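Observations on chain architecture
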Amino acid sequence: MPWLAIPFSDLDTKKALNRRFDIEGIPSLVILHPNDNKDEATLRDGVELIYRYGVEAFPFTKQRLEELQDEERARHENQTLTNLLTNHDRDNLLGHPTPEQVPVASLVGKTIGLYFSAHWCRPCVNFTPRLISIYQKIKEQMLVDGDQDGEDFEIVFVSSDRDQASFDSYFDTMPWLALPFGDPNIKQLVKHFDVKGIPCLVILGPDGKTVTKQGRNLINLYQENAYPFTEAKLELLEKKMDEEAKSLPRSVYHGGHRHELNLVSEGNGGGPFICCDCDEQGSGWAYQCLECGYEVHPKCVTVTVTVAASSNR
Ligand SMILES: [Zn+2]
Ligand SMILES: [Zn+2]
């Protein structure tokens, strides 16, 4: 490190600083300002700011951060599919069979999923087949419904694979399009959408603006019904789910878990969770063993044993 340090042996100071700034985890970067040591001026999320803005974050004042947030807002307001997915040297995407070239211009006006993923990432490899099956169902449904104002859906793979060979073999399994391996837009997209973990599915509307960054979660919750991921659609689905939950047993046994699991909802003992059955994220309704922190999607409970007195509501 090119900077200074508190001596290793000085435990008292280290303890005092930990207490003073409520340090709960590391790395943690607290920024103090030279002429203003009031608490409001102290920034505690230095790590996040560096990650997000890099050197631009300096001098870490409230004013500087507001400027950066305004710039970011403007970038999102001016966002179009073309400026997200093309650059100076390229206005095509990869299709199948490779090296089929698909012009980005042909995607304008469609609902687009940007799929941030990589072959080295286990949750990605688990999620991809699920996304493929849902993508195909959405496409099939469109064929059934016929042409609704030229409405269409496409996914673009945004790869963080480490080499061309893993990209090639991973993309080979996907029925959709991709940005080329190592393309400069990939880093920009990760930054623009503040992608902190993969897999991540960002949904863009027909106007090229962001609809949601929670595509993965919504796919897990609602499968193909999540399409087109708009607020209006999600409200509808939530109502439907609340309605369906009324007919679910209040408690069940599942998957060899030795305790009874209770039905909980977002506002009533539940909240975002990782399903112990399918390892995917969940929110809304869940079956939960509070004692063990065991939670599963209602849809993942296959063999259910209804516990007495559960259905007389
Ligand atoms: Zn599940
Ligand atoms: Zn338990």
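Preceding block: the structure.
Residues numbered from 1 in each chain as written. Chains lettered and ligands numbered in written order. Predicted model: local features only at pLDDT ≥ 70, side-chain atom pairs only at ≥ 80, totals over all residues. Heavy atoms only, no water.

Our next topic: the overall build of the protein chain. In terms of helices and strands, the protein chain carries 9 helices and 13 strands. Counting across all 313 residues of the protein chain, residues that qualify as buried make up 40%. A separation threshold of at least 6 residues defines the contact pool for the protein chain, and within that pool the share at least 24 residues apart is 52%. Of the roughly 18,600 Å² of accessible surface on the protein chain, 54% is carried by carbon and sulfur atoms. The averaged location of the 47 negative side-chain charges in the protein chain is 5 Å from the averaged location of its 32 positive side-chain charges. (Helix = DSSP H or I, 4+ residues; strand = E, 2+ residues; numbered from the N terminus. Buried < 20%, exposed > 50% of the residue type's maximum accessible area, 1.4 Å probe, protein only. Contact = heavy atoms within 4.5 Å. Areas by Shrake-Rupley, 256 points an atom, 1.4 Å probe, with all protein chains shown as cover. Lys, Arg positive; Asp, Glu negative; His and termini not counted. Charge placed at Lys NZ, Arg CZ, Asp CG, Glu CD.)

Let us now look at the sheet that holds strand β8 (residues 251-252). Judged by pairing direction, the sheet is antiparallel, and its 4 strands sit side by side in the order β8-β9-β12-β13 without closing on themselves. Of all strands in the sheet, those bounded by a partner on one side alone are β8 and β13 (294-296). Across 3 bridges, strand β12 (residues 286-289) lies against β13 in antiparallel orientation. For Q288, the partnering residue across the bridge sits in β13 and is E295. (Pairing = 2+ DSSP bridges.)

The next thing to look at is the coordination of the zinc ion (ligand 2). For the zinc ion (ligand 2), the protein coordination sphere consists of H257 (NE2), H259 (ND1), C289 (SG) and C292 (SG), at 2.1 to 2.3 Å. Considered as a linear motif, the donors of the zinc ion (ligand 2) on their single chain read H-x1-H-x29-C-x2-C. What makes C289 buried here is its relative accessible area of 4%. (Donors = N, O, S within 2.8 Å, 3.2 Å for Na, K, Ca; no water.)

Ideal geometry at a metal gives 109.5 degrees between four tetrahedral donors and either 90 or 180 degrees between six octahedral ones. Looking at the metal site, the zinc ion (ligand 1) is ligated by C275 (SG), C278 (SG), H297 (ND1) and C300 (SG), spaced 2.0 to 2.3 Å from it. Taken together, the 4 donor atoms coordinating the zinc ion (ligand 1) and their angles of 102 to 119 degrees define a geometry best described as tetrahedral. Motif for the zinc ion (ligand 1), donor spacing along one chain: C-x2-C-x18-H-x2-C. A residue pair is termed long-range when its members are at least 10 positions apart, and C278 in the loop between β10 (273-274) and β11 (281-282) and C300 in the segment after β13 qualify at 22 residues. Considered together, C278 and C300 belong to a single accessibility category, that of buried residues. (Tetrahedral: all angles 85-135°; square planar, octahedral: opposite > 155°, others 65-115°.)

Attention shifts here to the side chain of N220. With respect to the helices, strands and loops of the structure, N220 is situated in helix α8 (residues 215-222). Side chain to side chain, N220 and E280 meet in a polar contact 2.7 Å long. Contacts of N220, omitting those with residues within four sequence positions, involve F127, R130, E280, Q281 and K299. (Polar contact = N/O pair within 3.5 Å; in protein donor to acceptor, adjacent residues only side chain to side chain.)

The next point concerns the environment of P27. Take P27: it is sitting in the loop between α1 (11-20) and α2 (46-53). For P27 and V47, which are 20 residues apart along the polypeptide, the C-alpha to C-alpha distance reads 7.1 Å.

Turning next to the pattern of salt bridges. The tally for this structure, following the rule as stated, stands at 15 salt bridges. For E67, the salt bridge is made with R64, and the minimal N-O distance between the two is 2.7 Å. With E67 and R64 both in helix α3 (residues 62-77) and 3 residues apart, this pair spans about one turn of that helix. Note on E67: relative accessible area 33%, which makes it partly exposed. Its relative accessible area of 16% is what places R64 among the buried residues. One salt bridge connects D152 with K110, and the closest N-O pair in it is separated by 3.3 Å. (Salt bridge = Lys/Arg side-chain N within 4 Å of Asp/Glu carboxyl O.)

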